[in-house]
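# Structural description and commentary
Residue-level listing of the chains:
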Amino acid sequence: MAEKVQTGIKGFDILTGGGFKRKSVNIIVGGPGSGKTIFCIEFLVEGIKKGEPGIYITFEEKKTKLYDDMKGFGWDLEKYEKEGKFTFLEYTPEQVKKVLIEGGGVVDNIITKQKVKRLVIDSISSFALLYEDELSRKQASLALFELINKWECTALLASQDTSKDEHVVSAAMEFEADSIIILYHMKQKGERIRALEILKMRGIGYPERTVSLGIKDGKGILVDPTSVVSF
Ligand SMILES: Nc1ncnc2c1ncn2[C@@H]1O[C@H](COP(=O)(O)OP(=O)(O)OP(=O)(O)O)[C@@H](O)[C@H]1O
Ligand SMILES: [Mg+2]
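These lines cover the structure that appears in this document, whether it is placed above or below. Because the structure is a prediction, the values reported are computed rather than measured.

A separate point is the pairing of strand β10 (residues 211-216). Looking at chain direction, strand β9 (residues 191-201) and β10 are connected through 2 bridges and run antiparallel. Paired with alanine 195 across the two strands is serine 212, which belongs to β10. Sheet analysis places β10 next to strand β11 (residues 220-228), joined by 6 bridges and oriented antiparallel. In the strand pairing of β11, valine 211 is matched with valine 228. Connecting β10 to the next strand, β11, in antiparallel fashion are 3 residues, including glycine 218 with a positive phi near 80°.

Below, the structure is given as structure tokens:
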């Protein structure tokens, strides 16, 4: 069986038989406030605990705010950064596009120097919007996947789900990805409930149910693999 990379989110690791496949590219989709950023950071923090440095590339999150927010879960990103185990990289979609064309540059250097094993892009939505048609989106997606492959990282790409615009994540990206995880934050009888669904995961059988998810201060993401959520 393929080697697995634990996310540190216990219930999720149980559901998936140990987490993500090593060196796979995974997409996490969800609406605003559904927990994508927290999930991504928890995945990186778990890596750091296991001796796998991480890089977090973002266009949307501000560094000081993120560091502050994550302290609430007990994750000291500032400390990890000082220790050379965590890199926060604020990159515009245009800069990412440049990385794809030039084949690495700054990102390449950081990944080699810090021996980065886990990579997050939060999010790929604005990046996908840089490309006008599906064909150029497909080419860009393939270039990005090839780069991640070359870096030999296990990657998690966040994607905003607006539901209205189905082209926010390119179809090519969804086909290429090793897994797609969906986070829900739905209203049911006047109350918002959170849930998680594995839409696809190559190479393993997984439960087809949508399970409950919680976000807890001092802990992070909690996934209950046994509780089925129906909307
Ligand atoms: N310390 C905390 N304790 C409990 N819940 C929290 C805490 N911090 C944030 N949350 C919850 O997590 C949600 C934000 O999660 P997160 O930032 O990961 O969402 P997101 O999917 O990345 O959203 P966006 O698309 O806006 O970036 C908040 O709306 C809040 O409900
Ligand atoms: Mg976010």
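Right, let's get into the side chain of lysine 36. Topologically, lysine 36 is positioned in helix α2 (residues 36-49). The buried charged residue lysine 36 lacks any salt bridge, with aspartate 122 as its nearest oppositely charged partner at 6.4 Å. Polar contacts involving the side chain of lysine 36 include one to the main-chain carbonyl oxygen of glycine 31, which spans 2.9 Å. Sequence-distant contacts of lysine 36, that is, excluding residues within four places in its chain, are made with Ile28, Val29, Gly30, Gly31, Ala158, Ser159, Gln160 and Leu183.

What surrounds ligand 1 is a group of 13 residues, the closest being Gly33, Lys36, Thr37, Arg194 and Asp217. Contact between ligand 1 and glycine 33: an oxygen atom at 2.8 Å from a main-chain N or O atom of the residue. Measuring from an oxygen atom of ligand 1, one finds a side-chain N or O atom of lysine 36 at 2.8 Å. If ligand 1 stood free it would expose 650 Å²; the protein chains cover 65% of that surface. A per-element tally of the shell around ligand 1 places α2 first, with 3 residues. Of the residues belonging to the shell around ligand 1, the class tally is 4 nonpolar, 5 polar and 4 charged.

With that settled, consider the coordination of the magnesium ion (ligand 2). Bound to the magnesium ion (ligand 2) are the protein donor atoms Thr37 (OG1) and Glu61 (OE), situated 2.0 to 2.5 Å from the metal. Note that threonine 37 is positioned in helix α2 and glutamate 61 in the loop between β4 (54-58) and α3 (63-71), a separation of 24 residues in sequence. Under the relative-accessibility criterion, glutamate 61 is labelled partly exposed at 23%.

The set of residues buried in helix α5 (residues 93-102) consists of Pro93, Val96, Val99 and Leu100. Each buried residue of α5 lies within a common arc of 110° when the element is viewed along its axis, so the set occupies one face. Of the exposed residues in α5, those oriented more than 90 degrees away from the buried face are Ile101 and Glu102. Summarising the contacts, the buried residues of α5 are in contact with α6 (106-113), α7 (125-128) and α8 (134-151). The positive-phi residue at the C-terminal boundary of α5 is glycine 103, with phi of around 75°.

For the rest of this paragraph, the subject is the pattern of salt bridges. When the charged atoms of two side chains lie near each other, side chains of opposite charge can form a pair. Counted according to the given criterion, the structure contains 15 salt bridges. Linking arginine 22 and glutamate 3 is a salt bridge whose minimum nitrogen-to-oxygen distance equals 2.8 Å. In this pair, arginine 22 is assigned in the loop between β2 (20-21) and β3 (25-30) and glutamate 3 in the segment before β1 (4-5), connecting sequence segments 19 residues apart. Judged by its relative accessible area of 22%, arginine 22 is partly exposed. Each of the salt bridges in this network shares a partner with another, and the network as a whole consists of Glu3, Arg22, Glu52 and Arg118.

This next bit is on the packing of aromatic side chains. Aromatic rings in a pair are described by how distant their centres are and how their planes are angled relative to each other. All chains considered together, the criterion is met by 8 aromatic pairs. For the ring pair phenylalanine 20 and phenylalanine 43, a centre distance of 5.7 Å and an interplane angle of 80° mean the geometry is edge-to-face. Of this pair, phenylalanine 20 sits in strand β2 while phenylalanine 43 sits in helix α2; the two residues are 23 residues apart in sequence, bridging distant segments of the chain. By relative accessible area, which is 0% here, phenylalanine 43 ends up buried. Geometrically, the ring pair formed by tyrosine 56 and phenylalanine 88 is tilted, given 5.7 Å between the ring centres and 40° between the ring planes. Of this pair, tyrosine 56 sits in strand β4 while phenylalanine 88 is found in strand β5 (residues 86-90), placing the two residues 32 residues apart along the sequence. Per residue, the accessibility class of tyrosine 56 equals that of phenylalanine 88, and both read buried. A cation over an aromatic ring shows up here: lysine 97 above the ring of tyrosine 131, its NZ or CZ 4.9 Å from the ring centre.

The rules behind the values
Residues numbered from 1 in each chain as written. Chains lettered and ligands numbered in written order. Predicted model: local features only at pLDDT ≥ 70, side-chain atom pairs only at ≥ 80, totals over all residues. Heavy atoms only, no water. Pairing = 2+ DSSP bridges. Helix = DSSP H or I, 4+ residues; strand = E, 2+ residues; numbered from the N terminus. Buried < 20%, exposed > 50% of the residue type's maximum accessible area, 1.4 Å probe, protein only. Lys, Arg positive; Asp, Glu negative; His and termini not counted. Salt bridge = Lys/Arg side-chain N within 4 Å of Asp/Glu carboxyl O. Polar contact = N/O pair within 3.5 Å; in protein donor to acceptor, adjacent residues only side chain to side chain. Contact = heavy atoms within 4.5 Å. Near = heavy atom within 4 Å. Areas by Shrake-Rupley, 256 points an atom, 1.4 Å probe, with all protein chains shown as cover. Nonpolar A, V, L, I, M, F, W, Y, C, P; charged D, E, K, R; others polar. Donors = N, O, S within 2.8 Å, 3.2 Å for Na, K, Ca; no water. Arc of directions from axis to C-beta. Phe/Tyr/Trp six-rings, centres within 6.5 Å; stacked < 30°, edge-to-face > 60°. Lys NZ or Arg CZ within 6 Å of the ring centre and 35° of its normal.

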